[in-house]
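So you can see what is in the structure, the chains are spelled out below.
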Amino acid sequence: MQTSSLSIIRHSSLLLRRTSIFHGGYGVGVGIRPSFYLLSARRDNPDVSRKPQPSKNMLRAKHIGKDYSSLAPVLSPDHKPSLLESQAIGTVATAQANFMRVVVHDVAGSEKSDDGSSKNGVELLCVVRAVLKKIRRRVLVGDKVLVGSIDWVDRRGMIENVFHRRSEILDPPVANVDHLLVLFSLDQPKLEPFTLTRFLVEAESTGIPLTLALNKSELITQEKLESWKIRLRGWNYEPFFCSVGTKDGLDAIAFILQNQTSVIVGPSGVGKSSLINILRSNSGHAIEEENWFEPILGNKYFEDQRVGEVSSRSGRGKHTTRNVSLLPLSEGGYLADTPGFNQPSLLKVTKQSLAFCFPEIRKMIEDEKCGFKDCLHIGEPGCVVKGDWERYPFYIQLLDEIRIREEFQLRTFGTKREGDVRYKMGGMGVKQAEPRLEPKKHRRESRKKVKQTMISELDELEDEESDLDIEDDPIVRAIENERKG
């Protein structure tokens, strides 16, 4: 009886898979799908035609009110879209968790809110639209963005699109950068040549102009300072020596950073936040260009940055800055304070481009070219790069690391790379764009797989119940007792 009941349950479950719960005009009930009646009508009357059913993405776009194709292209920097009252253009000032703080600098219609205050310079707490996440269009600090669904009272909104970036760096993630300041300390923590080389290679790979500054010059002797100056000139760098404690050499750095968007990168504990606090507190001349951040300079999110001490146990800096923030400078321009890290990823550096991230190699191949176009400068015939310079062992070490990473990526992902957006032909031959969803994340399981899983679970349940019936049988227990006796 139990076996027959299980078979009845199995056949009933298969029957339920062929039915669906639908909402009719007279209530809610369980019945056959509407397509069943359409097929029956066509069988009785062949003249009945099938009504074209809208696709899932068309229904979703109709529900949202916008098509995916309107979000597929990236807006050009010079594009000036027609804005609604609930839309504005701004710059991402800081990012933390899933929220972005956007400073508005272009609004539609009247630039005055209901209370008479200006909308320019208003700081909005925004989230990123879900479709941007699906097509993996990342929003970074420094991005020029289009904000919609703005509530000017609560100062909230949603980032709908991102304008094209003129530059981008990965470590840390900042967009539209004009200048990089690589900051290290001569002591506390001590300056390590390989770590400095790794940061310089990451900065050189972006193609953005960079400046090398060495902080805490008061902690070492003049002889060591001159030694480092000669050594770094051999690397084809002209370093700036400064001290946040004594404020020596800060005027030259402030002059370089003015009127442009700069990012300070370096390990933890070298004095990045302390340098930013001093550069922002200096009283300078009037800012000539329009400063969007000026109306909110008193905001708590743009106060002086937290400063931590170097760990006495490890000799390294503590992670005090937790997120990237774009801050205004008193002399004009903007400066991004970033979390410290000790190992740049070098994800944009390939084995072919690594050599161009070393100024020593660039200087060697300016006058005379190597014998092969794809020369890696590791002793190939006709190579003009010799191994008689200081950072050549660092170059070999980084080249081996990048080759191992590229070989792993080739074995894992192959050479084919699909885009984040795919196109399909919709109704009336209209080309529609939709996000390419990641497998096993956004797609639901097929009905065939669900049915197979349900049948296998019923089979397992049947086997378990049959095993329990055998164990509870008194005859079987008597036989087992006789064997044991």
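About the criteria used
Residues numbered from 1 in each chain as written. Predicted model: local features only at pLDDT ≥ 70, side-chain atom pairs only at ≥ 80, totals over all residues. Heavy atoms only, no water. Helix = DSSP H or I, 4+ residues; strand = E, 2+ residues; numbered from the N terminus. Buried < 20%, exposed > 50% of the residue type's maximum accessible area, 1.4 Å probe, protein only. Areas by Shrake-Rupley, 256 points an atom, 1.4 Å probe, with all protein chains shown as cover. 1 Å grid on protein atoms, 1.4 Å probe; cavity = no way out; pocket = protein on both sides within 12 Å on 5 of 7 lines; lining within 4 Å. Points joined across faces, edges and corners; volume = space filled by probe spheres on them. Nonpolar A, V, L, I, M, F, W, Y, C, P; charged D, E, K, R; others polar. Contact = heavy atoms within 4.5 Å. Patch = residues over 30% accessible without salt bridge, like charges linked within 9 Å, V, L, I, M, F, W, Y side chains within 5 Å. Salt bridge = Lys/Arg side-chain N within 4 Å of Asp/Glu carboxyl O. Lys, Arg positive; Asp, Glu negative; His and termini not counted. Charge placed at Lys NZ, Arg CZ, Asp CG, Glu CD. Axes fitted to C-alpha atoms, helices over the stretch in contact; angles between N-to-C directions. Parallel < 35°, antiparallel > 145°, perpendicular 65-115°, else oblique. Left-handed = near helix turned anticlockwise from the far one by under 90°.

Draft legend 1. Spotlight on the overall build of the protein chain. Of regular secondary structure, the protein chain possesses twelve helices and 17 strands. Buried residues in the protein chain amount to 40% of all 485 residues. Accessible area for the protein chain stands at about 29600 Å²; split by element, carbon and sulfur atoms hold 53% of it.

Draft legend 2. Layout of empty space enclosed by the protein. Under the definition given, this model contains three cavities of 30 Å³ or more. Computed from the structure, the largest cavity encloses a volume of approximately 80 Å³. In this structure, the largest cavity is lined by ten residues; those nearest its centre are Asp171, Leu180, Glu202, Ala203 and Val265. Here the lining of the largest cavity takes three residues from helix α5 (residues 193-205), the largest share from any one element. Along the lines of polarity and charge, the residues of the lining of the largest cavity split into seven nonpolar, one polar and two charged.

Draft legend 3. Representation of helix α9 (residues 359-367) within the structure. Every buried residue of α9 is listed here: Pro359, Glu360, Ile361 and Ile365. Close packing links the buried residues of α9 with α5, α6 (222-234) and α10 (392-413).

Draft legend 4. Quick look at the environment of Val107. With respect to the helices and strands, the residue Val107 is situated in strand β4 (residues 99-107). Ignoring anything within four residues of it in the chain, the contact list for Val107 reads Leu83, Gln87, Ala88, Lys119, Asn120 and Trp152.

Draft legend 5. Just a negative patch on the surface, in detail. Residues Glu457, Glu460, Asp463 and Glu464 make up a contiguous surface patch of negative charge. For Glu457, the position within the fold is in helix α11 (residues 447-472).

Draft legend 6. Main features of the packing of α5 against α10. Here α5 crosses α10 at 60°, and the two axes come no closer than 11 Å. Taken together, the axes of α5 and α10 lie oblique to each other. The crossing of α5 and α10 is right-handed. Listed contacts from α10 to Pro193, Phe194, Thr197, Arg198 and Val201 of α5 are Phe394, Gln397, Leu398 and Glu401. A breakdown of the residues in the contact of α5 with α10 according to their chemical character gives five nonpolar, two polar and two charged.

Draft legend 7. Inspection of the pattern of salt bridges at higher detail. Enumeration over the complete set of coordinates arrives at ten salt bridges. A salt bridge links Arg166 to Asp178, with the nearest nitrogen and oxygen atoms 3.1 Å apart. One end of the pair, Arg166, is in the loop between β7 (156-162) and β8 (168-169); the other, Asp178, is in the loop between β9 (174-175) and β10 (179-185), with twelve residues separating them in the sequence. Overall, the relative accessible area of 56% leaves Arg166 in the exposed class. With relative accessibility at 27%, the residue Asp178 sits in the partly exposed group. Note that Arg391 and Glu360 form a salt bridge whose closest N and O atoms lie 2.8 Å from each other.

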